[in-house]
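Per-entry structural report
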Amino acid sequence: MLGAVFLFFGAVLLLSGLLVVTARNPVHGVLFLVLAFFTAAALWLLLHAEFLAIALVVVYVGAVMVLFLFVVMMLDINLERVREGFWRNLPLALVVGGIMVAEMIAVLANRYFATDLKTRPAGYSNTKELGWVLYTDYAYAFEIAAVVLLVAIIPAIALTLRTRKDSRR
């Protein structure tokens, strides 16, 4: 039963990913991308990776995709100009797609043909384990990433708060 649910969500994810690329309307493409993120989160839940599923929904669907949807709906995009470069970029896209397929096959082959599969105890929580590793082994890298993001926020705020002659106070 669990395998059938996994295959169903996998099929929906593949179909929605295909529709993201082939949708004629950019708004529909963004909505199909939201569907792809939700089905990917469902797959993460089926694989007992609760933290990744919640992070995917909160960060990407809750913030990034809403931003994409507003940008796409607010901008007047000339679709004919966007589609002009499709055939020119197709060979590079096929090469990159082939590399990604080869990597996925290598990952799956390693999983199925590996001999040292670890079994987890009954009370194991991957979220607790992720937090433990993040705040002990990678604490300095985590803090450096936080400082880099903080430093990146300062110019963004400075750019948006500059005084403009054409705006009213």
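Residues numbered from 1 in each chain as written. Predicted model: local features only at pLDDT ≥ 70, side-chain atom pairs only at ≥ 80, totals over all residues. Heavy atoms only, no water.

Broken down by element type, the chain carries 7 helices and 0 strands. Relative to its full complement of 169 residues, the chain shows a buried share of 13%. Pairs at least 24 residues apart make up 58% of the contacts formed inside the chain by residues separated by at least 6 positions. Accessible area for the chain stands at about 14,300 Å²; split by element, carbon and sulfur atoms hold 72% of it. (Helix = DSSP H or I, 4+ residues; strand = E, 2+ residues; numbered from the N terminus. Buried < 20%, exposed > 50% of the residue type's maximum accessible area, 1.4 Å probe, protein only. Contact = heavy atoms within 4.5 Å. Areas by Shrake-Rupley, 256 points an atom, 1.4 Å probe, with all protein chains shown as cover.)

Here we take up unusual backbone geometry. Of note, histidine 48 is a non-glycine position whose phi angle comes to about 60 degrees, a positive value. Relative to the elements of secondary structure, histidine 48 occurs in the loop between helix H2 (26-46) and helix H3 (50-74). A relative accessible area of 56% places histidine 48 in the exposed class.

Time to look at the confidence of the model for the chain. Low pLDDT means the predicted coordinates in that region are not meant to be read closely. The pLDDT averaged across the chain works out to 82; a share of 88% of its residues lies at or above 70. Ranking the elements of the chain by mean pLDDT puts helix H4 (residues 79-83) last with 68 and helix H1 (residues 2-22) first with 90. (pLDDT = per-residue confidence, 0-100.)

Now for the packing of aromatic side chains. The tally for this structure, following the rule as stated, stands at 3 aromatic pairs. Aromatic side chains tyrosine 135 and phenylalanine 142 sit 5.2 Å apart centroid to centroid with 85 degrees between the ring planes, which places their arrangement in the edge-to-face category. Residue tyrosine 135 is classed as exposed on the basis of its relative accessible area of 53%. (Phe/Tyr/Trp six-rings, centres within 6.5 Å; stacked < 30°, edge-to-face > 60°.)

This brings us to the packing of H1 against H2. With their axes 8 Å apart at the nearest point, H1 and H2 run at an angle of 155 degrees to one another. In terms of their interaxial angle, H1 and H2 are classed as roughly antiparallel. In the crossing of H1 with H2, the sense of the turn from one axis to the other is left-handed. For the pair H1 and H2, contact is made by Leu2, Val5, Phe6, Phe9, Gly10, Val12, Leu13, Ser16, Leu19 and Val20 and by Gly29, Phe32, Leu33, Leu35, Ala36, Thr39, Ala40, Ala42, Leu43 and Leu46, respectively. Along the lines of polarity and charge, the residues of the contact of H1 with H2 split into 16 nonpolar, 4 polar and no charged. (Axes fitted to C-alpha atoms, helices over the stretch in contact; angles between N-to-C directions. Parallel < 35°, antiparallel > 145°, perpendicular 65-115°, else oblique. Left-handed = near helix turned anticlockwise from the far one by under 90°. Nonpolar A, V, L, I, M, F, W, Y, C, P; charged D, E, K, R; others polar.)

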